[in-house]
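Reading the structure
This is what each chain is made of:
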Amino acid sequence: MSDFLAVRDVVKDYKSGDSMLRVLKGVSVEIAEGEIVSIVGPSGAGKSTLLHIMGFLDRPTSGEVVFRGEPLSRLDSSLQAVVRNAKFGFVFQLYHLLPELNAFENTLLPMMIRHGLGEWIVERGPARRRARQILDRIGMGPRAHHRPSQLSGGERQRVAIARALIGDPEVVFCDEPTGNLDAATSREIQQLILELSQETKKTFVIVTHDPSVAKIAQRQIRLVDGRIDG
Ligand SMILES: Nc1ncnc2c1ncn2[C@@H]1O[C@H](COP(=O)(O)OP(=O)(O)OP(=O)(O)O)[C@@H](O)[C@H]1O
Ligand SMILES: [Mg+2]
């Protein structure tokens, strides 16, 4: 039994008006350190909801989420945010980059949040060097001073990947990382994710509709109507 990253008997309900929608109906998943896992399944199956719960972005209605043996239920919401910021990185379908910041500044953002204003004076130099290194690694060095509106979809997704990695997270969560890209760009981003997962040996959890993205993974988890299928 792995308690590196696990959800156990997780149920998630959403209120919609007077009625309640049960989106996750008792889901248990265990992920080992260094594993690359994809979560696949039809639209509305609860994949994003599960990813958000695993990544401490949201809490389950019942059931437990465990990271390195520590149950999420023991953390209050501020500690939950601290663990999330230090240990997890996120890549979303729609990039979620801040439009007023350029690629370099967007990449740095999680480090500014982690260190706060006081520490930032000390941490700034190393963080900026690391941002430059990561942007160079993913081929965005020459575009570091462009804002998201000046970048293509594939380039925006590269910046989102840089931002997910800058804090040296233990787990990288990706929700449809190629969902908004054309086929050729999607292949480039897949290749980049594969290379980065091999280079960094980090754990990757990737939600995807795309069978070729799912193939990057060592293991596929199929979610259908709020339950693990098979
Ligand atoms: N905040 C919310 N409030 C109410 N219902 C929600 C909320 N978030 C998600 N849902 C509902 O939960 C169900 C599962 O949503 P989820 O986004 O997890 O699906 P998904 O498998 O990621 O789908 P897709 O492949 O289309 O992204 C859907 O029916 C959705 O409408
Ligand atoms: Mg989704």
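Each remark here, short or long, concerns the structure printed above.
Residues numbered from 1 in each chain as written. Chains lettered and ligands numbered in written order. Predicted model: local features only at pLDDT ≥ 70, side-chain atom pairs only at ≥ 80, totals over all residues. Heavy atoms only, no water.

This part covers the overall build of the protein. Scanning the protein for helices and strands turns up six helices and 10 strands. Rg of the C-alpha trace for the protein: 18 Å, near the compact-globule value of 17 Å for 230 residues, within the 12% margin. Seen along its three principal axes, the alpha-carbon backbone of the protein occupies a region of about 45 × 45 × 40 Å. Buried positions account for 49% of the 230 residues belonging to the protein. A sequence separation of at least 24 residues applies to 72% of the contacts in the protein between residues at least 6 apart. Total accessible area on the protein stands at roughly 11,200 Å², and carbon and sulfur atoms take up 51% of it. Taken together, the 30 basic and 28 acidic charged side chains of the protein have centroids lying 3 Å from each other. (Helix = DSSP H or I, 4+ residues; strand = E, 2+ residues; numbered from the N terminus. Rg over C-alpha atoms; globule rule 2.2 N^0.38 Å. Buried < 20%, exposed > 50% of the residue type's maximum accessible area, 1.4 Å probe, protein only. Contact = heavy atoms within 4.5 Å. Areas by Shrake-Rupley, 256 points an atom, 1.4 Å probe, with all protein chains shown as cover. Lys, Arg positive; Asp, Glu negative; His and termini not counted. Charge placed at Lys NZ, Arg CZ, Asp CG, Glu CD.)

A few words on the site of ligand 1. Every residue near ligand 1 is listed here: Y14, L21, V23, P42, S43, G44, A45, G46, K47, S48, T49 and H209. Interatomic distance of 3.0 Å between a backbone N/O atom of G46 and an oxygen atom of ligand 1. The fraction of the free accessible surface of ligand 1 (630 Å²) that becomes covered by protein chains is 60%. Residue assignment for the shell around ligand 1 shows that the elements contributing at least two residues are β2 (19–31) and α1 (47–54). If you tally residues by element for the shell around ligand 1, the top one is α1, at three residues. Taken together, the residues of the shell around ligand 1 break down into five nonpolar, six polar and one charged. (Near = heavy atom within 4 Å. Polar contact = N/O pair within 3.5 Å; in protein donor to acceptor, adjacent residues only side chain to side chain. Nonpolar A, V, L, I, M, F, W, Y, C, P; charged D, E, K, R; others polar.)

Remember that the coordinates give geometry; whether it matters functionally is a separate question.
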